[in-house]
Amino acid sequence: MEQPIVGYHRDDEGHWVAELACGHYQHVRHQPPWVERPWVTTEAGRRSRLGLALPCVKCDRGEPSDAPVDTPPESRR
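Residues numbered from 1 in each chain as written. Predicted model: local features only at pLDDT ≥ 70, side-chain atom pairs only at ≥ 80, totals over all residues. Heavy atoms only, no water.

A short note on the pattern of salt bridges
Close approach of charged atoms allows side chains with opposite charge to pair.
Then step 1. One pass over the structure, following the stated rule, counts three salt bridges.
Then step 2. The salt bridge partner of E63 is R61, with a shortest N-O separation of 2.6 Å.
Then step 3. The class of E63 is partly exposed, set by a relative accessible area of 31%. (Salt bridge = Lys/Arg side-chain N within 4 Å of Asp/Glu carboxyl O. Buried < 20%, exposed > 50% of the residue type's maximum accessible area, 1.4 Å probe, protein only.)

Details of the side chain of R46
Then step 1. Within the element layout of this structure, R46 appears in helix α1 (residues 43-48).
Then step 2. Buried charge without a partner: R46 forms no salt bridge, and the closest opposite charge is E43, 5.3 Å away.
Then step 3. Apart from residues lying up to four places away in sequence, R46 is in contact with Y8, W16, W39, V40 and T41. (Helix = DSSP H or I, 4+ residues; strand = E, 2+ residues; numbered from the N terminus. Lys, Arg positive; Asp, Glu negative; His and termini not counted. Contact = heavy atoms within 4.5 Å.)

Here we look at the nonpolar core
Then step 1. In terms of nonpolar packing, the biggest core is built from ten residues, these being I5, Y8, W16, A18, L20, V28, W39, V40, L54 and C56.
Then step 2. Secondary-structure elements contributing two or more residues to this core are β1 (2-10) and β2 (16-20).
Then step 3. With three residues, the single largest contributor to this core is β2.
Then step 4. Discounting residues that sit within four places of it in the chain, C56 has contacts with M1, Q3, L20, C22, H24 and Q26. (Core = buried A, V, L, I, M, F, W, Y, C linked by side-chain atoms within 4.5 Å.)

Here's the deal with the side chain of Q3
Then step 1. Tracing the backbone shows Q3 in strand β1.
Then step 2. Non-local contacts of Q3, meaning those with residues more than four positions away in its chain, are made with L20, A21, C22, L52, A53, L54, C56 and C59.

Some points on the sheet that holds β2
Then step 1. Taken in spatial order, the four strands line up as β3-β2-β1-β4 in an open sheet, and their pairing is antiparallel. Strands with a single pairing partner mark the edges of an open sheet, and in this sheet they are β3 (25-27) and β4 (53-55). Here the strands of the sheet are splayed against their neighbours by 55° on average, with no regard to which way each runs.
Then step 2. Two strands pair when backbone bridges link them, and β2 and β3 are joined in this way by three bridges, in the antiparallel orientation. Within β3, the residue paired with A18 across the bridge is Q26. (Pairing = 2+ DSSP bridges. Axes fitted to C-alpha atoms, helices over the stretch in contact; angles between N-to-C directions.)

Here you go:
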């Protein structure tokens, strides 16, 4: 199921993680040559991808949200 990006945060290792509208999180790494996402490396690039739909495997599997229950998506940007 496709879900739009509503925000970002960094994980414990400093990698960027997209926060999806469904409440799931998904890494969006730029690690050439296998993963090319140069937009992740700048604030402007990440902002330009807000609203971009990514496939959410966790939704497809019916997994619970990764986001804290009391944190609305709008405030996690």
